[in-house]
Amino acid sequence: MSLTGENLRRLIELAGGAVGDRETTSPPPPGDPGPWRPLRVVLITAGDIEAAYLTLATLRLDGMPADQVGVLVLDTAPDGPDAWALKALEWEVPGLRYLPATGLRSRAAAWDRAFDEANAEWVLCLEAPVLLAPGALAGVLAFAAAHPDSTDLLQGPQLADGLVEVTTHLEPAWDAGCFGVRASDFRGVDPQAPPFEVPMQSLAVLASRQTAWVRGNPSFRGAAAAEGYVHEKFRSAGGRTLCLPLLRWAKRSPGAASALSDWEDHVRNYLIGWEEVGLPLDPLLDHFVDYLGYHAVSITQSRWTSERANPLRAFDGIFCINLDSRPDRWERMLQRFGTLGIADLVRRVPGVETPLNNHIGCALAHRGILETARREGLERVLVFEDDAVFLEGAAWVLRRSLAELDHHPWKLLYLGSFASPPFPLADGCHHLEKVHGLLGLHAIAFHKRVYDELLAQIPSDPASMADWVAKHPIDLFLAESLTEGVYRVSPMIATQEILIPEMDEDLRDQFVLDKIGR
């Protein structure tokens, strides 16, 4: 019988009734990261209960010590049919937490979320259905205890199908559309051998101290070709990639290249990652020309070059607030973002429905984005509301505004606002005004300099927020509380649909609405 959500429900009922009626472990409250642990194992699964169950079973059969090791199931496809079964694991396994992780654009983003949510000194990420050999957890715990200040990436040998031959690492070379060729070092044959440095290894199993983790590029999409990239980032940060022979594992799955559904994203991810860490691009391009053909690679490279030049990609995160009840607005915004060349980067943030006072929901949504930005270490984020309209030539203006902004310690940047008299240009600037007292949040950027300040003052729960916005809606609060480090793009490149008639006459007809149904 397949372990689908419905079948697992039937098994639980046969064993003693509904989940809520059984005397089992109580699941953690929603959003509770669980108690701090020396090690948190994060099972990453795309909504697959069977894969997660197999990985979890190997951990429990190996005598996983609950007082030292916690488990987080990170579900990257929480809308699937197995979500109920994955959630039910919270009732069966003491200390296990299920986290539905929506909106993750890449494999690297899943690792980032795992480390953000782990609440542990060390984090061990397993891409289910990874199976760990007996003693692997004990090996990681022993290494962690012996190296409390480690900045290294810890990995282990992959067992071949016969569970005898081992791949201790990958050699940094191109083969069949992927970076990394399987290799074996005799030092990894003995499980009890000490750890040793290797160039890289498959990232199906990885561990590091939570504070040592290196975040992935937010522009990655899909499988996020990360072998080599993550290892180089650790080395750049002063760490090493170590093979811990006791951390042996097996995984029956197709190779990364054969499982791909989008070669353009695959090549694009390599180009983005290689440029970020300073690895040479010529061998990369030569390999893919040989493997995929010149035409396919040239198109991908051309699109990547154009994408890289887009000034909106200077932001580490781009968000759009949209109510679940207004999918029509989201569809319009996707078209507009597509025109700007950022449709693949924008994260939709479900708006908070507060029909009695929309200011409450607006403030809660903006606060949630600031929390995400701080948690993910995003230096500067751009936030849109779902009725923003953009100026023809917005990229041209923004590119020049951002170049000028780099010379100023900014906190807020308005791409648009409610109509107001013009402000003086900032010193030495032609497309940047130094402003104060602006209203309107339909297109605004925040720098990390202001995250702590705002999060300390803006309430996080609806009840407290209701009292707070009664005194000052969030745009008025920003206008009154921040008088330094606030700038506006000149001319404004974003407005709201209803505000177009109030724009400067010279620009009014340059805010072009889309033609799909409104």
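By convention here, each chain's residues receive numbers from 1 onward along its written sequence. Residues qualify for local features only when their pLDDT is at least 70, as the model is predicted, and side-chain atom pairs are given and counted only at 80 or more; totals for whole chains, interfaces and linings, by contrast, use all residues. Water and hydrogen atoms play no part in the side-chain values, which are based on all heavy atoms of the structure.

Visitor: Give a description of the environment of R347 that names residues and reports values.
Guide: The way it works is that DSSP assigns letters per residue, a run of H or I at least four long becomes a helix, a run of E at least two long becomes a strand, and they are numbered from the N terminus. One can find R347 in strand β16 (residues 346-350). Burial classes follow relative accessibility: with a 1.4 Å probe on protein chains only, a residue under 20% of its type's maximum area counts as buried, one over 50% as exposed, and anything between as partly exposed. You can call R347 partly exposed: its relative accessible area is 22%. Placed 29 residues apart in sequence, R347 and I318 show a C-alpha to C-alpha distance of 6.2 Å. With sequence-adjacent residues up to four places away left out, R347 is seen in contact with R105, I318, F319, C320, T372, E376 and L378. Two residues qualify as a contact provided that any one of their heavy atoms is within 4.5 Å of a heavy atom in the partner residue.

Visitor: Before we move on, could you go through the packing of aromatic side chains and cite the residues and values that matter?
Guide: For any pair of aromatic rings, geometry is given as the distance between the ring centres together with the angle between the planes. Classification of ring pairs rests on two measures: the distance between centres of Phe, Tyr or Trp rings, Trp counted by its six-membered ring, which must be within 6.5 Å, and the angle between planes, read as stacked under 30 degrees, edge-to-face over 60 and tilted in between. For the coordinates displayed, the defined rule picks out 19 aromatic pairs. On the numbers, 5.9 Å between centres and 40° between planes, the contact of Y270 with F288 is tilted. Taken together, the positions of Y270 in helix α7 (residues 263-277) and F288 in helix α8 (residues 282-292) put the pair 18 residues apart, joining distant regions of the chain. Judged on exposure class, the residue Y270 and its partner F288 are both buried. By the ring-pair criterion, three or more aromatic residues cluster together here, those being W174, F179, W263, Y270, W274, F288 and Y291. Counted as over-ring charges are cases with an Arg CZ or a Lys NZ within 6 Å of the ring centre that also lie within 35 degrees of the ring normal. Over the face of the ring belonging to W304 we find R308, whose NZ or CZ atom lies 4.2 Å from the ring centre.

Visitor: I'd like to hear about the confidence of the model for the protein chain, residue by residue, with values.
Guide: When pLDDT is averaged along the protein chain, the result is 87, and 90% of the positions lie at 70 or above. As a per-residue measure, pLDDT tells how confident the predictor is, with possible values from 0 to 100. With pLDDT under 50 throughout, residues 8-23 is counted as low confidence; its partners more than four residues away or in other chains account for 20 contacts. Ignoring residues within four places in sequence, the model shows residues 255-259, a span with pLDDT below 50, making 5 contacts including any to other chains.

Visitor: Mind laying out the packing of α7 against helix α9 (residues 294-308), listing which residues take part and the relevant values?
Guide: Only C-alpha atoms enter the line fits that serve as axes; for helices the fit covers just the stretch in contact. Angles between N-to-C directions range over 0 to 180 degrees. Closest axis-to-axis distance for the α7/α9 pair is 10 Å, and the angle between their directions is 50°. Considered as vectors, α7 and α9 are oriented oblique to each other. Handedness of the crossing formed by α7 with α9: right-handed. Contacts between α7 and α9 involve E264, V267, R268, L271, I272 and E275 on the former and, on the latter, T300, Q301, R303, W304, E307 and R308. Residues are grouped as follows: Ala, Val, Leu, Ile, Met, Phe, Trp, Tyr, Cys and Pro are nonpolar; Asp, Glu, Lys and Arg are charged; all remaining types, including Gly, are polar. The residue inventory of the contact of α7 with α9, partitioned by class, reads 4 nonpolar, 2 polar and 6 charged. Under this scheme an angle from 65 to 115 degrees is roughly perpendicular, one under 35 degrees roughly parallel, and one over 145 degrees roughly antiparallel; angles in between are oblique. Left-handed describes a crossing whose near helix is turned anticlockwise from the far helix through less than a right angle; right-handed describes the clockwise counterpart.

Visitor: Could you give an account of the nonpolar core, with specific residues and numbers?
Guide: Put simply, buried Ala, Val, Leu, Ile, Met, Phe, Trp, Tyr and Cys residues joined by side-chain atoms within 4.5 Å make one nonpolar core. Within the largest apolar cluster, 42 residues are counted, with the highest numbers of intra-cluster contacts made by W111, C125, V230 and Y270. In terms of residue count, the dominant contributor to this core is α7 (6 residues). When near neighbours in sequence (up to four residues on either side) are disregarded, W111 contacts I44, C125, E127, L203, L206, W213, A226 and V230. Counting residues in hydrophobic clusters, the runner-up holds 39 residues, among them W330, L398, W410 and I493.

Visitor: Lay out helix α10 (residues 327-340) in plain terms, naming residues and giving numbers.
Guide: Along an α-helix, residues three or four apart share an orientation, since each turn contains 3.6 residues. Here α10 spans 20 Å end to end across 14 residues, near enough to the 20 Å set by a 1.5 Å rise per residue. Next to the buried residues of α10 lie β15 (317-322), β16, β17 (380-385), β18 (388-390) and α12 (394-405). Phi turns positive one or two residues past the end of α10, at G341, with a value near 80°. Multiply 1.5 Å by the residue count of a helix minus one, and that product is the helix's expected span.

Visitor: Explain unusual backbone geometry to me, using residue names and the numbers behind them.
Guide: Trans peptide bonds make up the majority, and among non-glycine residues the majority have a negative phi. A cis amide bond links A128 to the next residue, P129, at an omega of 15°. Position of P129 relative to the elements: it lies in the loop between β4 (120-127) and β5 (131-132). The backbone of N119 sits at a positive phi, close to 55°, despite the residue not being glycine. Tracing the backbone shows N119 in the loop between α4 (107-117) and β4. Accessibility expressed as a relative area gives 26% for N119, which makes it partly exposed. Despite not being glycine, A176 shows a phi value in the positive range, around 50°. Mapped onto the elements of the fold, A176 is located in the loop between β9 (169-175) and β10 (178-183).

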